[in-house]
Amino acid sequence: MTAARPTRRDFLRRTGLAVCMTVPFRQALAQGAAGRVIVIGGGFAGATCARTLKRLDPRLSVTLVEENPTFTACPFSNEVIAGLRDLRRQQFNYEQLAEMGVALALLRAAGVDPRARTVTLADGTRLSYDRLVVAPGIDISWEGLPGYSEAAAERMPHAWKAGAQTTLLRRQLEAMEDGGLVVISAPANPYRCPPGPYERASLIAHYLKTKKPRSKLILLDAKDAFSKQKLFQNAWKELYPGLLEWVPLSSGGKVTSVDPAALTLATDFQTYKPAVANVIPPQKAGHIAELAGVADRSGWCPIDPVTFQSALQSNIHVIGDAAIAGAMPKSAFAANAEAKVCAAAVAALLAGGTPQTPKLINVCYSLVAPDYGISVAGVYQPANGQLVEVAGSAGVSPLDAPPAIRAAEAQIADGWFRTLAAEVFG
Ligand SMILES: Cc1cc2nc3c(=O)[nH]c(=O)nc-3n(C[C@H](O)[C@H](O)[C@H](O)COP(=O)(O)OP(=O)(O)OC[C@H]3O[C@@H](n4cnc5c(N)ncnc54)[C@H](O)[C@@H]3O)c2cc1C
């Protein structure tokens, strides 16, 4: 359901959850509930997990801790940047989750004490859990790119968390004169949404081609290979010749520093001075993962692939972008699948049972133009402590598909997003 951007106060008044939401918790305990689960993060992973837990065992006391009353989704936010979609279509709320009995704590989780099994909220409230699910998505690794900082992101937006950053990049493109240079920098792996930078480059190229045809786009990349590469590159040749240039790592594409005051991006070989700079920086698991002690030195969270239980802390599970999920990409599709597996495992463990070995599916759709969709799919299963792709399960769109197939895939992508959002947020 698309939300009309309620304020936190409106939302709390309507749902009657004004005081820090510990009451359903206590009621559940008094009724002898099957266990107390706290989920931190109400994105595709966390909201799915909370919902699935409640469905699997309505006696479970499930509390969702989320700092924003309105969730703004990243999938299709590249369309917003290209002026093809309104940001409001990306926004959802948690009313339906509350209606199904999930207790909401619309505050930031400020700390986790794994020994005491408590989560401390930003207002100091402490909540106890039997099992904790950490699903905070990503944070920007500010130390990962010299010159880049929160202040720099106001000049050179990353737009890798949807919302104000998405709007900022859109406005900068709108304000740019025809003939301007746009530079996007893409990070090394791993990062949220492997095909995302290439979809973004495609849709910005579409905007420039149709609205500012004298302009140019350069995609500086810290990699030599990327998801759906042949499909993207064939489409770029066909749709955006001379407009979109990809500079891989081996040709000096890795951005080594940025200067927000001068609006420049430096590689080892050259300094670029665009009219619009979209810096997609290195990333890590959301900060609360570090505070909970579930992130390792890579900044991401190692997990057991059967239960998504943290490899570093007992009684804590990590799902979604924050987790090191082996071959599974960091996508909303994957986050939703991981959340269901994790919820089933948590419910089984709380009931004294044994979690089943899962198989997970991922499909990543990308738009190269509004009526030109491509996709990659895979099936994953645990093997040797990792999630690995099942042999022979991978599939990508055909390289030589006719326009009707590309248009059909664009429609399927749109349908997938609407179905997912309805399933997760109601
Ligand atoms: C431009 C772009 C395009 C994309 N396109 C696609 C696509 O087409 N298909 C696809 O499958 N995926 C896509 N993705 C990837 C997808 O958005 C992510 O993989 C997905 O959102 C991950 O879900 P998550 O629940 O792990 O994190 P999120 O969806 O980011 O949710 C995390 C939530 O945790 C909350 N949170 C964080 N820390 C705290 C805290 N301390 N206390 C309380 N709450 C907290 C945040 O507010 C947020 O609501 C795209 C990403 C980008 C950037």
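From a predicted model like this one, the values you see are computed outputs, not experimental measurements. (Residues numbered from 1 in each chain as written. Predicted model: local features only at pLDDT ≥ 70, side-chain atom pairs only at ≥ 80, totals over all residues. Heavy atoms only, no water.)

Caption draft 1: Representation of the side chain of H317. When you line up the elements, H317 lands in strand 20 (residues 316-318). A residue is classified by how much of its surface remains accessible, and H317, at 0% relative accessible area, is buried. Excluding its chain neighbours within four sequence positions, the residues that come into contact with H317 are R131, L132, V133, V134, T307, F308, Q309, S310, C342, V346 and L349. (Helix = DSSP H or I, 4+ residues; strand = E, 2+ residues; numbered from the N terminus. Buried < 20%, exposed > 50% of the residue type's maximum accessible area, 1.4 Å probe, protein only. Contact = heavy atoms within 4.5 Å.)

Caption draft 2: How the structure looks around the site of the ligand. Taken together, 35 residues lie around the ligand, and A45, E66, A109, R192 and D321 are the ones closest in. In the model, an oxygen atom of the ligand is placed 3.4 Å from a nitrogen or oxygen of the S331 main chain. F333 is positioned such that a nitrogen or oxygen atom in its backbone is 2.9 Å from an oxygen atom of the ligand. For the ligand, the accessible surface in isolation is 1,000 Å², of which the surrounding protein chains cover 93%. When residues of the shell around the ligand are traced back to their parent elements, those giving at least two are helix 3 (44-56), helix 4 (77-81) and helix 11 (332-350). Counting residues domain by domain, the shell around the ligand receives three or more from each of domain 1 (32-137 + 286-424) and domain 2 (145-282). (Near = heavy atom within 4 Å. Polar contact = N/O pair within 3.5 Å; in protein donor to acceptor, adjacent residues only side chain to side chain. Areas by Shrake-Rupley, 256 points an atom, 1.4 Å probe, with all protein chains shown as cover. Domains from an automatic or database assignment.)

Caption draft 3: The domain arrangement of the protein, seen in detail. As far as domains go, the protein holds domain 1 (32-137 + 286-424) and domain 2 (145-282). Relative placement of domain 1 and domain 2: their C-alpha centres are 27 Å apart. When domain 1 packs against domain 2, close to 2,700 Å² is buried across both sides, 67% of that on carbon and sulfur atoms. The largest contributions to the domain 1 side of the interface with domain 2 come from N78, I81 and V368, which together make up 25% of the buried area. Across the domain 1-domain 2 interface, the total number found is one salt bridge. The residue D321 makes a salt bridge to R192 at a minimum N-O spacing of 2.5 Å. The greatest single-element share of the side of domain 1 that touches domain 2, amounting to six residues, is contributed by strand 22 (residues 360-369). The residue makeup of the side of domain 1 that touches domain 2, split by class, is 21 nonpolar, eight polar and four charged. (Buried area = accessible area lost by both parts, 1.4 Å probe. Salt bridge = Lys/Arg side-chain N within 4 Å of Asp/Glu carboxyl O. Nonpolar A, V, L, I, M, F, W, Y, C, P; charged D, E, K, R; others polar.)

Caption draft 4: Focus on the packing of aromatic side chains. Inspection of every chain in the model, using the stated rule, returns 17 aromatic pairs. Considering the side-chain rings of Y94 and F425, the 5.9 Å spacing of their centres and the 70° angle between planes classify their relative orientation as edge-to-face. Placement of Y94 in the loop between strand 4 (91-92) and helix 5 (95-99) and of F425 in helix 12 (residues 403-425) is noted, with a sequence separation of 331 residues between them. F425 carries the same exposure label as Y94, and that label is buried. Ring geometry for Y365 against W416: centres 5.9 Å apart, planes inclined by 45°, an arrangement best described as tilted. With Y365 in strand 22 and W416 in helix 12, this residue pair connects regions lying 51 residues apart in the sequence. The exposure class assigned to Y365 is partly exposed, which follows from its relative accessible area of 22%. Each residue in the set F44, F71, F76, F92, Y94, F333, Y365, W416, F417 and F425 is aromatic and connected to the rest through ring pairs, giving one cluster. Stacked on the ring of Y207, the Lys or Arg R170 has its end atom at 4.6 Å from the ring centre. Cation over ring: K330 sits above W300, and NZ or CZ is 4.1 Å from the ring centre. (Phe/Tyr/Trp six-rings, centres within 6.5 Å; stacked < 30°, edge-to-face > 60°. Lys NZ or Arg CZ within 6 Å of the ring centre and 35° of its normal.)

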